[in-house]
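Reading the structure
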Amino acid sequence: MNRTRTRSTASAARPGNAASATARTRSAASAAVAVAVLAGLVTAAAPAVAAGQACTPGIVTLPSLTDGAGGAVTGFGANGLTVGSSGGRPVYWTADRAIHEVPLPEGFHSGQVRAVNARGLMVGTAQSGAQGHPQATFTYRIGDPSVRLLTAPSAGSSGADVNDAGHVVALDGGVAKEWVDGAVVRELPVPADAHPSTVITSVDGINKRGDIVGTAHTNYVDLENDTSVSWTFPVVWPAGNYPARGLPVWNEAERDIGSRATDIDGKGRVVGYEQESYRDVQRRTPALWKQPYTALPADPGPVAGYGHLTLDAVSPTTNVTVGTAVNFVDGYAARTQAAYWPGTGPVLALPNPAGGSGDSRGAALAVSDDDRVGGSYENWSGGAFGAVIWTCASKQAYLPQG
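Report on the accompanying structure. Since the model is a prediction, treat every value here as computed from it, not as a measurement.

1. Side note on the packing of aromatic side chains
- Following the criterion strictly, the structure yields two aromatic pairs and no others.
- Ring geometry for Y92 and Y140: centres 6.4 Å apart, planes at 35°, overall tilted. One end of the pair, Y92, is in strand β4 (residues 89–93); the other, Y140, is in strand β8 (residues 135–140), and 48 residues separate them in sequence.
- According to the relative accessible area criterion, Y92 is buried, its value standing at 7%.
- Judged by its relative accessible area of 5%, Y140 falls in the buried class.

2. Quick word on the pairing of strand β10 (residues 158–162)
- The element β10 is extensively covered by neighbouring structure, given that five of its five residues are classed as buried.
- Hairpin remark: β10 followed by strand β11 (residues 167–172), antiparallel, with four residues in the connecting loop; positive phi at G166, about 90°.

3. Comments concerning the sheet that holds strand β7 (residues 122–128)
- One open sheet holds the four strands; their spatial order is β6-β7-β8-β9, and the pairing between them is antiparallel. Sheet topology places β6 (108–116) and β9 (148–149) at the edges, where each strand pairs with a single neighbour.

4. Brief notes about the side chain of T139
- Along the chain, T139 turns up in strand β8.
- In contact with T139, other than residues within four places in its own chain, are L121, M122, V123, V147, R148, L150 and V168.

5. A short note on the side chain of Q127
- Its place among the elements puts Q127 in strand β7.
- At a separation of 2.3 Å, a polar atom in the side chain of Q127 contacts the side chain of Q135.
- Contact partners of Q127, with chain neighbours within four places excluded, come to G107, F108, H109, S110, G111, H133, P134 and Q135.

6. What about the sheet that holds strand β19 (residues 270–278)?
- Pairing is antiparallel across the open sheet formed by three strands, whose spatial order is β18-β19-β20. On the outer flanks of this sheet lie β18 (257–264) and β20 (281–289), each paired with one strand and no other. Ignoring strand direction, the axes of neighbouring strands in this sheet form an average angle of 20°.
- Sheet topology places β19 next to β20; nine bridges connect them, and they run antiparallel. By the bridge assignment for β20, V271 is matched with L288.

Here is what the cut-offs are and how they apply
Residues numbered from 1 in each chain as written. Predicted model: local features only at pLDDT ≥ 70, side-chain atom pairs only at ≥ 80, totals over all residues. Heavy atoms only, no water. Phe/Tyr/Trp six-rings, centres within 6.5 Å; stacked < 30°, edge-to-face > 60°. Helix = DSSP H or I, 4+ residues; strand = E, 2+ residues; numbered from the N terminus. Buried < 20%, exposed > 50% of the residue type's maximum accessible area, 1.4 Å probe, protein only. Pairing = 2+ DSSP bridges. Contact = heavy atoms within 4.5 Å. Polar contact = N/O pair within 3.5 Å; in protein donor to acceptor, adjacent residues only side chain to side chain. Axes fitted to C-alpha atoms, helices over the stretch in contact; angles between N-to-C directions.

Below is the structure:
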């Protein structure tokens, strides 16, 4: 890949888990800047809501297919359309908050709607009842008798996204592809300078102009140095059939550390995170890449009171990113909180629904230009709340104290 392997300590060092066998520290200058930012900023400027629209701050708990079943919001469409999952099934909610199950063909038992565009075209994945539960990618519009399968069930199929032009992207049997009107228009290759062992492991997003982002994995034995090389990194496929390119990452060739992309906005900003996983050692460091993708990603830091953060979605135009703040205990995610980052200043938290307790798990998985955030919330003390929407989220986001 075209990336600098020799980097200054200030650029390459990452914050590590205290239990990590590999210590990583920031430079003193970077740490001082981060402290100053957190000390001086307790609120952030709200993103602009679309012209002519008003919002009222609130947390909407959406109905589920069955009482107590978990669920999540994963995307927003026009006219109040919301998509996601409930009870392990793909669903959508209309503006009146009514829940509707997406009809799956015979042989498929579960799935989720992963995204919807402004014209109501939904995309998602469905699992079949075959051994290993392989999954297929589908599209669906309200009123259709069943989903339209784009791929056959496969263990190498995952992810799905769609832009407002109707371009769908997903992984089909280990091959990244782009569809228009149900027909494949492009296969997305690995970057030309990637090692021959490199494969695409997920396709994670497509923006309005057609830029696509995904994640790749390289795994081979370096005979010259007698070492095993295994690492994961984000890939961008620019619109217009320009060559694919791998994005710079903080750590390369470290088996237990990898970086992945989760979404891309209209200006080509890519969000995601670096992940370290080795037995009880777990670390999640948020990452933001900007064009022309020549610099290492920026790290906005974790939410106060949490050690780790993933960035899971970015709004199309308002520069707002959402995700999940995490505290690990003995390698397990003991507590999570929905996170909200306006694009500058510290990353903020979104409040839990009324009646929740400290023994809870929340996540933000989708964000719209009109200041809605979608995700999930589970209160371990009182049962699962399922899918939730934070309306006028910028006015609810706060900087935790203590």
